[in-house]
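Tertiary structure, described
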Amino acid sequence: MMNNQPNQTSYTSQEMPCPICGSQNFVWGRTVGESASQWVYFRADEASWGEGEKLQARKCLDCSNVQLFT
């Protein structure tokens, strides 16, 4: 039986093809707040103030899907 799924163990999460269209044609960037120097963070509900991880973003150049990564 033929499996058409990509071998997901060979990719890191940031190397995975676009989950919408399957493309690997991306532009990388970041999310920003009111000013261009203001980062957006992920912080778990139980985390303290000051804890968190900066979010990076990638946009698929084929279907415009945007994904966030820590």
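Residues numbered from 1 in each chain as written. Predicted model: local features only at pLDDT ≥ 70, side-chain atom pairs only at ≥ 80, totals over all residues. Heavy atoms only, no water.

Considerations on the sheet that holds strand E5 (residues 66-69)
Just so we agree on the cut-off: Any two strands are treated as partners once DSSP identifies two or more bridges connecting them. A run of DSSP states H or I qualifies as a helix once it reaches four residues; a run of E qualifies as a strand once it reaches two. Both are numbered from the N-terminal end. Structural elements are reduced to axes, namely lines fitted to C-alpha atoms, with helices fitted over the stretch in contact, and the angle between N-to-C directions of any two is expressed from 0 to 180 degrees.
In spatial order, the strands read E1-E4-E5; together these 3 strands make up an open sheet with antiparallel pairing. This sheet does not close on itself; its edge strands, each paired only once, are strand E1 (26-30) and E5. On average, each strand axis in the sheet is inclined to that of its neighbour by 25°, with strand direction left out of account. Bridge count between strand E4 (residues 56-60) and E5: 4 bridges; the pairing is antiparallel.

Description of the side chain of Arg58
To be explicit about the condition: Buried means the residue's accessible area, taken with a 1.4 Å probe over protein chains only, is under 20% of the maximum for its type, while exposed means over 50%, and partly exposed covers the values in between. Under the counting rule used here, the positive set is Lys and Arg, the negative set is Asp and Glu, and His together with the chain ends is not counted. One side-chain nitrogen of Lys or Arg within 4 Å of one carboxyl oxygen of Asp or Glu is enough to make a salt bridge. Any pair of N or O atoms that falls within 3.5 Å is considered a polar contact. Within protein, one atom must be able to donate a hydrogen and the other to accept it, and sequence-neighbouring residues count only if both atoms are side-chain atoms.
Relative to the elements of secondary structure, Arg58 occurs in strand E4. Buried within the structure, Arg58 lacks any salt-bridge partner; its nearest side chain of opposite charge belongs to Glu15, at an N-O separation of 8.7 Å. Engagement of the side chain of Arg58 in a polar contact is seen with the backbone oxygen of Gln14, the distance being 2.9 Å. One polar contact links the side chain of Arg58 to the main-chain carbonyl oxygen of Met16, over a distance of 2.7 Å.

Focus: the confidence of the model for the chain
We count it as follows: A residue's pLDDT is the confidence the predictor assigns to it, expressed on a 0 to 100 scale.
Confidence in the prediction of the chain, expressed as mean pLDDT, is 83, and 84% of residues score 70 or more. The secondary structure element of the chain with the lowest average pLDDT is strand E2 (residues 41-42), at 87, and the one with the highest is E4, at 94.

Notes on the packing of aromatic side chains
Inclusion rule: Under the pairing criterion, centres of Phe, Tyr and Trp rings, with the six-membered ring standing for Trp, must be within 6.5 Å; the plane angle then separates stacked pairs below 30 degrees from edge-to-face pairs above 60, leaving the rest tilted. We call a charge positioned over a ring when the NZ of a Lys or the CZ of an Arg lies within 6 Å of the ring centre and within 35 degrees of the ring normal.
Applying the stated criterion across every chain yields a total of 1 aromatic pair. Its end group placed over the ring of Trp39, Arg30 keeps NZ or CZ at 4.2 Å from the ring centre. Here Arg58 stacks its cationic end above the ring of Phe26, 3.7 Å away from the centre of that ring.

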